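# Examining the three-dimensional arrangement
Listed here are the chains, written in short residue letters.
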Amino acid sequence: MNKIVKDALVLTLITLIAGCALGLVYEVTKEPILKASEAATEKAYKEVFETAAKFEEMKDFDADKANEIIAEKGYTDGTVTTCEVVDCVKALDSSGNVAGYVVTMKSKEGYGGDIVFSMGVTKDGVLNGYSITKIDETPGLGMKAKEDKFMDQFKNKKATTLEVVKTASNDENAVQAISGATITSKAITYAVDAGLFYVSNLLSGGAAS
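Residues numbered from 1 in each chain as written. Predicted model: local features only at pLDDT ≥ 70, side-chain atom pairs only at ≥ 80, totals over all residues. Heavy atoms only, no water.

### Points about the side chain of D193
This is how it is decided: A run of H or I in DSSP counts as a helix once it spans at least four residues, and a run of E counts as a strand once it spans at least two, with each numbered from the N terminus. For each residue, the accessible area found with a 1.4 Å probe, counting protein chains only, is set against the maximum for its type, and the residue is called buried under 20%, exposed over 50%, and partly exposed in between. For the purpose of charge, His is not counted, nor are the chain termini; Lys and Arg are scored as positive and Asp and Glu as negative. Salt bridge, as used here, is a side-chain nitrogen of Lys or Arg placed within 4 Å of a carboxyl oxygen of Asp or Glu. We call two residues contacting when some pair of their heavy atoms lies within 4.5 Å.
Note on placement: D193 falls in helix α4 (residues 182-203). No salt bridge is formed by the buried D193; its nearest oppositely charged neighbour, K157, is found at 9.9 Å. The residues touching D193, leaving out its near neighbours within four places in the chain, are Y75, T160, T161 and L162.

Next up, the structure:
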């Protein structure tokens, strides 16, 4: 009995020490991780809206309401893929005027899991492009979604709805799929379409959230 009690006390002590150590590590790394995340986000914003002087949070942004807006258009019904609006900020020019918006989207239908990216849209409804902040696709295939050859297809697009095609097309709305990674191509394109619809709602005077 004494041995059992002793072993239990030892295990309890080890657990307490391990817990304290983990807590200490968390506190030490929390701030650097947060700063790194903020820096990555700011970098993504700047990549999709190079002309912006700064970015400003939308005080009335509500992710749930934003997703209700795209759901009304059918972007979350799961028939092709599922996606959601994560965040939206204003892109301001040097005079403090709104030049457009940067929307952060999450596609839940990537081949390897969720894909998170930011996309910039001007107040004229032109898509500047997108910048991926999270992706776990297959190296050499789905990861090509981060390469210029695919990403450039999303730059300076006025179209409100883009469609994935398997072969090259002169159609302004067409996005040629990544060879061997059609799922990834559709996941990103569909989420971009949803983001464009959300911004069009803002530009037409609809609710900001």
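From this point, the discussion proceeds with the structure in view.
### Here we look at the sheet that holds strand β2 (residues 83-92)
We count it as follows: Any two strands with at least two DSSP bridges between them are considered paired. Orientation is described by axes fitted as lines to C-alpha atoms, over the contacting stretch for helices, and by angles from 0 to 180 degrees between their N-to-C directions.
Spatially, β1-β2-β3-β4-β5 is the arrangement adopted by the 5 strands of the open sheet, whose pairing is antiparallel. The sheet is open, and its two borders are formed by β1 (54-57) and β5 (127-134), each paired with just one other strand. Averaged over all pairs of adjacent strands, the angle between strand axes in this sheet comes to 30°, irrespective of strand direction. Examined bridge by bridge, strand β4 (residues 113-122) and β5 share 6 bridges and lie antiparallel to one another. Bridging across to β5, F117 finds its partner in I132. Contacts from α4 reach β2, β3 (98-110), β4 and β5 within the one sheet, and its direction differs from that of β3 by about 145°.

### A look at the packing of helix α2 (residues 63-72) against α4
Defined as follows: If an angle is under 35 degrees, it is roughly parallel; if it is over 145, roughly antiparallel; if it lies from 65 to 115, roughly perpendicular; otherwise it is oblique. Residue type decides the class: Asp, Glu, Lys and Arg count as charged, Ala, Val, Leu, Ile, Met, Phe, Trp, Tyr, Cys and Pro as nonpolar, and the leftover types, Gly among them, as polar.
For the pair α2 and α4, interaxial distance at closest approach is 9 Å and the crossing angle is 105°. In terms of their interaxial angle, α2 and α4 are classed as roughly perpendicular. Facing α2, whose interface residues are A66, I69 and I70, α4 presents A194, F197, Y198 and N201. Looking at the contact of α2 with α4 residue by residue, the class counts come to 6 nonpolar, 1 polar and no charged.

### Re the environment of D64
Among the structural elements, D64 can be located in helix α2. Taking the relative accessible area as the measure of exposure, D64 reaches 58% and is therefore exposed. Separated by 20 residues in sequence, D64 and E84 place their C-alpha atoms 9.1 Å apart.

### Overview of the pairing of β3
Pairing of β2 with β3 involves 9 bridges; the strand directions are antiparallel. Looking at the pairing, V85 lines up with M105 of β3. The hairpin formed by β2 and β3 contains 5 residues between the paired strands, and G96 there has a positive phi angle of roughly 85°. As paired strands, β3 and β4 are joined by 9 bridges and run antiparallel to one another. By the bridge assignment for β4, V103 is matched with M119. Hairpin geometry of β3 and β4 is characterised by an intervening segment of 2 residues between the two adjacent antiparallel strands.

### Regarding α4
Rules: In this analysis, the expected span of each helix is defined as 1.5 Å times one less than the number of residues it contains.
Relative to the 32 Å expected for 22 residues at 1.5 Å per residue, α4 spans 31 Å between its end C-alpha atoms, a close match to the ideal helical length. Most of α4 is tucked away: 16 of the 22 residues are buried. Following α4 by one or two positions, G205 has its phi on the positive side, about 90°.

### Quick notes on the nonpolar core
So the rule is basically this: Nonpolar cores are built from buried Ala, Val, Leu, Ile, Met, Phe, Trp, Tyr and Cys residues. Side-chain atoms within 4.5 Å join them into one set.
Ranked by internal contacts, the top residues of the largest apolar core, which has 39 residues, are F117, M119, Y130, F154, I188, V192 and Y198. Counting residues per element, the ones that place at least two in this core are α2, β2, β3, β4, β5, α3 (148-151) and α4. With 10 residues, α4 is the single largest residue contributor to this core. For I188, the residues in contact, after removing those within four places along its chain, are I115, F117, Y130, I132, A145, F150 and F154.

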